[in-house]
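What follows is the residue order along each chain.
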Amino acid sequence: MDRQLIEHYIQGADVLPQAIRGLTVAELNAFPVPGTWSIQQIVMHMMDSDLIAADRMKRVIAEDHPTLIGYNETLFAKNLPYAELDAAVACDIFAKNRRMTGEILRRQPDAAFARTGLHSETGEITLAYLVKTYAGHLDHHMQFVKKKREVLGKPCG
């Protein structure tokens, strides 16, 4: 396991709060790129997905080959009241969850990263795969936030 991935994952804790700094509620909920999620929806998605990821990682560490249930992120965005929730609170939850989960990951022996779970949609996955996936997941979505901020005339500082 490349332990730098764990550090990259933890460093992501501060990225999401910085990504929304200086934006109004209207700007967070705007759709500057038609047909895509708002920045608000991305923030809520990142919080939800990271909470689910932390659960998956902890269960792979603690349980023997647990079943990891998939979820429909599109339905979360459609049916949960994302636009009405506080983005700053979501960022705080995201950051604290990343830091705590990162501390758990730091304390795992190298052998733990070969432990597996059975994902209901993708099949068998390792703890190392989960860490790599979720470290990159934030990077993936931040490129969209950056573009949306540019279109709104509020580029990232």
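The following refers to the structure shown. (Residues numbered from 1 in each chain as written. Predicted model: local features only at pLDDT ≥ 70, side-chain atom pairs only at ≥ 80, totals over all residues. Heavy atoms only, no water.)

Concerning the overall build of the protein
Item 1. Per the secondary structure count, the protein includes seven helices and three strands.
Item 2. For the protein, the α and β elements follow one another from N to C terminus as α-α-α-α-β-α-α-β-β-α.
Item 3. Against the 2.2 N^0.38 benchmark of 15 Å for 157 residues, the protein shows a C-alpha radius of gyration of 16 Å, consistent with a compact globule.
Item 4. Dimensions along the principal axes, computed over C-alpha positions, put the protein at roughly 45 × 30 × 20 Å. (Helix = DSSP H or I, 4+ residues; strand = E, 2+ residues; numbered from the N terminus. Rg over C-alpha atoms; globule rule 2.2 N^0.38 Å.)

Some thoughts on the nonpolar core
Item 1. In this structure, Leu 16, Ile 20, Ile 39, Val 43 and Met 142 are the most contacted members of the largest nonpolar core, which totals 20 residues.
Item 2. Of all hydrophobic cores here, the second largest spans 17 residues; its members include Ile 10, Met 57, Val 60 and Ile 125. (Core = buried A, V, L, I, M, F, W, Y, C linked by side-chain atoms within 4.5 Å. Buried < 20%, exposed > 50% of the residue type's maximum accessible area, 1.4 Å probe, protein only.)

Quick word on unusual backbone geometry
Item 1. Not every positive phi belongs to a glycine, and His 65 is a case in point at roughly 50°.
Item 2. Position of His 65 relative to the elements: it lies in the loop between α4 (39-62) and β1 (67-68).
Item 3. On the basis of relative accessible area, His 65 is assigned to the partly exposed category, the value being 35%.

Regarding the sheet that holds strand β3 (residues 123-126)
Item 1. Across the sheet, three strands lie side by side as β1-β2-β3; this open sheet has mixed pairing. Either end of the sheet is taken by a strand with one partner, and the two such strands are β1 and β3.
Item 2. Where β1 lies against strand β2 (residues 116-119), two bridges are found, and the strand directions are parallel. Within the sheet, the bridge partner assigned to Thr 67 lies in β2 and is Leu 118. (Pairing = 2+ DSSP bridges.)

Describing the packing of helix α1 (residues 3-11) against helix α7 (residues 127-151)
Item 1. Where α1 contacts α7, the axes come no closer than 9 Å and their chain directions differ by 40°. On the basis of the axis angle, α1 is oblique to α7. The crossing of α1 and α7 is left-handed. Residues Leu 5, Ile 6, His 8 and Tyr 9 of α1 lie in contact with α7, whose contacting residues are Val 131, Lys 132, Tyr 134, Ala 135 and Asp 139.
Item 2. Looking at side-chain class alone, the contact of α1 with α7 contains six nonpolar, one polar and two charged residues. (Axes fitted to C-alpha atoms, helices over the stretch in contact; angles between N-to-C directions. Parallel < 35°, antiparallel > 145°, perpendicular 65-115°, else oblique. Left-handed = near helix turned anticlockwise from the far one by under 90°. Contact = heavy atoms within 4.5 Å. Nonpolar A, V, L, I, M, F, W, Y, C, P; charged D, E, K, R; others polar.)

Side note on the pattern of salt bridges
Item 1. Scanning the entire structure with this criterion turns up 11 salt bridges.
Item 2. For Glu 7, the salt bridge goes to Arg 106, with nearest N and O atoms at 2.5 Å. One end of the pair, Glu 7, is in helix α1; the other, Arg 106, is in helix α6 (residues 87-106), and 99 residues separate them in sequence.
Item 3. For Arg 115, the salt bridge goes to Asp 64, with nearest N and O atoms at 3.3 Å. Here Asp 64 lies in the loop between α4 and β1 and Arg 115 lies in the loop between α6 and β2, a separation of 51 residues in the sequence.
Item 4. Using a relative accessible area of 28% as the deciding quantity, one classes Arg 115 as partly exposed.
Item 5. By sharing partners, the salt bridges in this structure join Glu 7, Glu 103, Arg 106 and Arg 107 into a single network. (Salt bridge = Lys/Arg side-chain N within 4 Å of Asp/Glu carboxyl O.)

Considerations on the side chain of Asp 48
Item 1. Relative to the helices and strands, Asp 48 is located in helix α4.
Item 2. Buried Asp 48, no salt bridge; nearest opposite-charge side chain is Arg 56, N-O distance 12 Å.
Item 3. Each residue touching Asp 48, except ones within four places of it in the same chain, is listed here: Phe 76, Leu 80 and Tyr 82. (Lys, Arg positive; Asp, Glu negative; His and termini not counted.)

Side note on the side chain of Thr 116
Item 1. Following the sequence through the fold, Thr 116 ends up in strand β2.
Item 2. A distance of 2.8 Å separates the side chain of Thr 116 from the side chain of His 65, its partner in a polar contact.
Item 3. When sequence neighbours within four positions are dropped, the list of residues in contact with Thr 116 reads Val 60, His 65, Pro 66, Glu 124, Ile 125 and Thr 126. (Polar contact = N/O pair within 3.5 Å; in protein donor to acceptor, adjacent residues only side chain to side chain.)

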